Amino acid sequence: LMAGVVVNPATSLHNIEPVLGDVDLVLIMSVNPGFGGQSFIQKSYDRLSELSQMRDEGNHGFLIQVDGGVNLKNAQKVAEAGADILVAGSSVFSAQDITARFKELQGKLG
């Protein structure tokens, strides 16, 4: 059984500090929830870095997942900011060749 918490763009990461030792996954929303195809909120890079630092400083083992606006242009930077798991919806499923797009996205991550 896994436990996780989701943080919307307007929610302070400090609100989830009390549960960080109890969760397996923290999902950072990098768009406002509601519909696909939104642009990645640039401030999310800082939030990912901050959460990664909180994980390191607290010696926590949770994974960091990011969802919203992940695409070929930003996937590598998102991973470098601290994300372990990237959710890419529209950027993959809107492609002419979904398999090729998926492999292209994977290639950005090394």
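Refer to the structure presented above.
What you see is a predicted model; the values in this text were computed from it and never measured.

Peer 1: Tell me about the packing of aromatic side chains, and please be specific about residues and values.
Peer 2: Applying the stated criterion across every chain yields a total of one aromatic pair. With a centroid separation of 4.8 Å and an interplanar angle of 45 degrees, the aromatic rings of F40 and Y45 are classed as tilted. In terms of burial, F40 and Y45 fall into one category: buried. We note K77 situated over the ring of Y45; from NZ or CZ to the ring centre the distance is 4.3 Å.

Peer 1: Report on unusual backbone geometry, specifying residues and quantitative values.
Peer 2: One non-glycine residue, N59, lies in the positive phi region at around 55 degrees. In this structure, N59 sits in the loop between α1 (44–57) and β3 (63–67). For N59, a relative accessible area of 71% translates into the label exposed.

Peer 1: Talk me through the sheet that holds strand β1 (residues 4–7); I want residue IDs and the actual numbers.
Peer 2: Taken in spatial order, the four strands of this open sheet run β1-β2-β3-β4, and their pairing is parallel. In this open sheet, the two edge strands, each paired with only one partner strand, are β1 and β4 (85–87). For this sheet, the mean inter-axis angle between neighbouring strands, taken without regard to orientation, is 20 degrees. With three bridges connecting them, β3 and β4 associate as parallel partners. In the sheet register, V66 faces β4, and the bridge partner there is L86. Contacts between α1 and the sheet are confined to β1, β2 (25–29) and β3, with β3 contributing the most and set at about 170 degrees to the helix.

Peer 1: Let's hear about the layout of surface pockets: which residues, and what values?
Peer 2: If a probe as big as a water molecule is rolled over the atoms, it shows which places are left empty. In this structure, the largest pocket encloses a volume near 260 Å³. What lines the largest pocket is a set of 19 residues, and nearest its centre among them are G37, Q38, G68, G69 and S90. Taken together, the residues of the lining of the largest pocket break down into seven nonpolar, 11 polar and one charged. Reported here for the second largest pocket is a volume of approximately 200 Å³. Every residue along the wall of the second largest pocket is listed here: A79, A83, D84, L86, A88, V92, F93, F102, L105, Q106 and L109. Secondary structure elements with two or more residues in the lining of the second largest pocket: α3 (90–93) and α4 (98–108). In terms of residue count, α4 provides more of the lining of the second largest pocket than any other element does, three residues in total. Residues belonging to the lining of the second largest pocket are distributed by class as follows: nine nonpolar, one polar and one charged.

Peer 1: Could you give an account of the pairing of β3, naming the residues involved and the relevant values?
Peer 2: With five bridges joining them, β2 and β3 adopt parallel strand pairing. Opposite L27, over in β3, you have Q65 as the bridge partner. At this point the chain moves from β2, through α1, to the parallel β3, and the crossover so formed is right-handed. Read as a crossover between parallel neighbours, the route from β3 over helix α2 (residues 75–80) to β4 is right-handed.

Criteria and thresholds
- Residues numbered from 1 in each chain as written.
- Predicted model: local features only at pLDDT ≥ 70, side-chain atom pairs only at ≥ 80, totals over all residues.
- Heavy atoms only, no water.
- Phe/Tyr/Trp six-rings, centres within 6.5 Å; stacked < 30°, edge-to-face > 60°.
- Buried < 20%, exposed > 50% of the residue type's maximum accessible area, 1.4 Å probe, protein only.
- Lys NZ or Arg CZ within 6 Å of the ring centre and 35° of its normal.
- Helix = DSSP H or I, 4+ residues; strand = E, 2+ residues; numbered from the N terminus.
- Pairing = 2+ DSSP bridges.
- Axes fitted to C-alpha atoms, helices over the stretch in contact; angles between N-to-C directions.
- Contact = heavy atoms within 4.5 Å.
- 1 Å grid on protein atoms, 1.4 Å probe; cavity = no way out; pocket = protein on both sides within 12 Å on 5 of 7 lines; lining within 4 Å.
- Points joined across faces, edges and corners; volume = space filled by probe spheres on them.
- Nonpolar A, V, L, I, M, F, W, Y, C, P; charged D, E, K, R; others polar.
- Right-handed = clockwise from strand over helix to strand, strands pointing away.

Read these as geometric descriptors, not functional statements.
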